[in-house]
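Report on the structure
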Amino acid sequence: MKTITGLIKSGDKGFSEAVNAFLPQYALVPFNRLSQKRYKCAVSVGDYVREGQIIAVPLKSDGGIEAAVHAPIPGKVMGIGRCCLSDGRRGLAIRIKLEGAFSFLGKRTEHLDWEHLPPEDILRSFLTKGIVNTFGGTAASLALQILNCKLPSSRFLVVRLFDEDPSRLTDGFIASRYEAQIMEGAAITAKAMAADGIIFLLPKKHAPLEHISIVKDFSVLSMEVDEKRYPSGFVENIVQQVRKFVRNSPNEVFARISHACIFVDSATLFSVYEAIACGIPVIDRFVHVTGNCLRSAGMLRVKIGTTIGMLAAQCGGFKRPPARIVINGMLSGFAVNSLDMPVGKDVKSVEFVPADELHDETPYACIRCGRCRRICPEGILPDLLAATVLQGTSADKGLASTAQLCSGCGLCNSSCPSMLPLSQTIAIIKERKV
């Protein structure tokens, strides 16, 4: 596995606290963009909804085990239409006008006794509370991932306590600020999946976990990862690092870690904690707002459905216009072109990039320089894989199967002098599951 140090240097020094984002006068609440499942609205135009009320559910004909969608604010349903999503596509969303009293915001919550709940009840709550797993930039139903985990043994919960993209600070912030909640979220998730153990991946030089006793009922492995070396936080990287770390050690049982284990991040476990231990559904996100176009950066706690334009306004507005808006990190994220895009469950960061920080991105023909092959940490052939998509040809079955090794780190894109969308085309091949 090859890694690179100092590929991206964030101008933000880190944040000690998160600030509540401005409440949106109108919330545009998107459905899950990555599930490929269809939802039906549980409300109609003109209805009044409570904060945290279920407003959309997956169709039973499509499996019915996706995470529900909730109203982030109380108010009146003004419309059901389409909006821009974080991957540049358009999808369904519900528009709510802020009216009435809040059910959770500003209210004291009681800690709920979840330890007596059987795993199936916890999984059911994951669905009804809208829990999604944001590891790797997805917003996939955590309950569905657990149900699809067919490992008879070595069912490990793998918890990453740092951001896989070095330009983003969200998961690292949550882990450092809410360690006790993360530990309890891990204990809840491990019980729900009947885990054989929990692996915590800490950033380098991290202090020992203070609240590790919360997961006392499970075998635990804590190991440091040099998060400044990229890539180090994707599934493939983690599996290799854990196997190397535990080789010939008392924790060698964890060497049986596999890609089929459940991998989660800090943001996901914080949502699990709030949903199961506090009864609060997923109605907001921590979002790292940054970029040299802004007057200031911030870590904001944002109601789902808030537009990214509102986040920029809260950070003092623009000192120069953005040439690009990047969601979820400069290396592994998506570019969008609208300040009206709402924050969904998958959004962790927004970066507003000025024109002088962008390079010529006009795609040219491959010059067969081999840079993408040399930099690929998994040793695959990005240029040959991408050519099958860009040229519309069929790939050799053996070559196509290597696409499944791709972690999505995006290093091939950053090294390509022809500006080819190598990572994106490999993702298309992976979706085909050749």
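Look a little higher up for the structure.
So, a few notes on the structure that sits alongside this text. Just so it is clear, the model here is predicted, and its values are computed rather than measured.

Conventions used here
- Residues numbered from 1 in each chain as written.
- Predicted model: local features only at pLDDT ≥ 70, side-chain atom pairs only at ≥ 80, totals over all residues.
- Heavy atoms only, no water.
- Helix = DSSP H or I, 4+ residues; strand = E, 2+ residues; numbered from the N terminus.
- Rg over C-alpha atoms; globule rule 2.2 N^0.38 Å.
- Buried < 20%, exposed > 50% of the residue type's maximum accessible area, 1.4 Å probe, protein only.
- Contact = heavy atoms within 4.5 Å.
- Areas by Shrake-Rupley, 256 points an atom, 1.4 Å probe, with all protein chains shown as cover.
- Lys, Arg positive; Asp, Glu negative; His and termini not counted.
- Charge placed at Lys NZ, Arg CZ, Asp CG, Glu CD.
- Salt bridge = Lys/Arg side-chain N within 4 Å of Asp/Glu carboxyl O.
- Pairing = 2+ DSSP bridges.
- Axes fitted to C-alpha atoms, helices over the stretch in contact; angles between N-to-C directions.

Looking only at helices and strands, the protein features 12 helices and 21 strands. In terms of overall size, the protein behaves like a compact globule, its C-alpha atoms giving a radius of gyration of 21 Å where 434 residues would be expected to give roughly 22 Å. When the backbone C-alpha atoms are referred to their principal axes, the protein occupies close to 60 × 55 × 45 Å. Expressed as a percentage of the 434 residues in the protein, the buried residues total 51%. Summarising the internal contacts of the protein: among those between residues at least 6 apart in sequence, 70% fall at separations of at least 24. Entry remark: accessible area of the protein is about 19,500 Å², with carbon and sulfur atoms responsible for 52%. Taking the 51 positively charged and 41 negatively charged side chains of the protein as two groups, their mean positions are separated by 4 Å.

What follows deals with the pattern of salt bridges. Inspection of every chain in the model, using the stated rule, returns 14 salt bridges. Asp-284 is paired through a salt bridge with Arg-301; the nearest N and O atoms lie 3.2 Å apart. Here Asp-284 is found in strand β17 (residues 284-290), whereas its partner Arg-301 is found in strand β18 (residues 298-303), with 17 residues between them in sequence. Neither Asp-284 nor Arg-301 differs from the other in exposure class; each is buried. One network of salt bridges, in which partners are shared, links Arg-160, Asp-163, Glu-164, Arg-168, Asp-171, Asp-265 and Lys-348.

Right, let's get into the sheet that holds strand β19 (residues 324-327). One open sheet holds the 6 strands; their spatial order is β2-β18-β17-β21-β19-β20, and the pairing between them is mixed. On the outer flanks of this sheet lie β2 (19-20) and β20 (334-336), each paired with one strand and no other. Each of β17, β18 and β21 (349-353) is contacted by helix α3 (residues 170-177), which is oriented at about 120° to β17, the strand it contacts most. Lying on the sheet, helix α6 (residues 266-277) is in contact with β17 and β18; it crosses β17 at an angle near 150°.

With that out of the way, let us pick up unusual backbone geometry. In this structure, Pro-231 follows Tyr-230 across a cis peptide bond, with omega equal to -5°. Position of Pro-231 relative to the elements: it lies in the loop between β15 (229-230) and α5 (235-246). Notably, Lys-205 is not glycine yet its phi reads approximately 65°, a positive angle. When its relative accessible area of 74% is taken as the criterion, Lys-205 is described as exposed.

Those residues of helix α9 (residues 382-390) not exposed but buried are Pro-382, Asp-383, Leu-385, Ala-386 and Thr-388. Where α9 ends, the next residue or the one after it, Gly-392, has phi of about 70°, a positive value.

What follows concerns the sheet that holds strand β6 (residues 54-58). Ordered in space as β4-β6-β7, the 3 strands form an open sheet in which the pairing is antiparallel. Strands with a single pairing partner mark the edges of an open sheet, and in this sheet they are β4 (39-41) and β7 (69-70). Taken together, the 3 bridges between β4 and β6 define a ladder with antiparallel strand orientation. Within β6, the residue paired with Tyr-39 across the bridge is Pro-58.

So, to be careful, I would describe these as geometric facts and stop short of saying anything about function.
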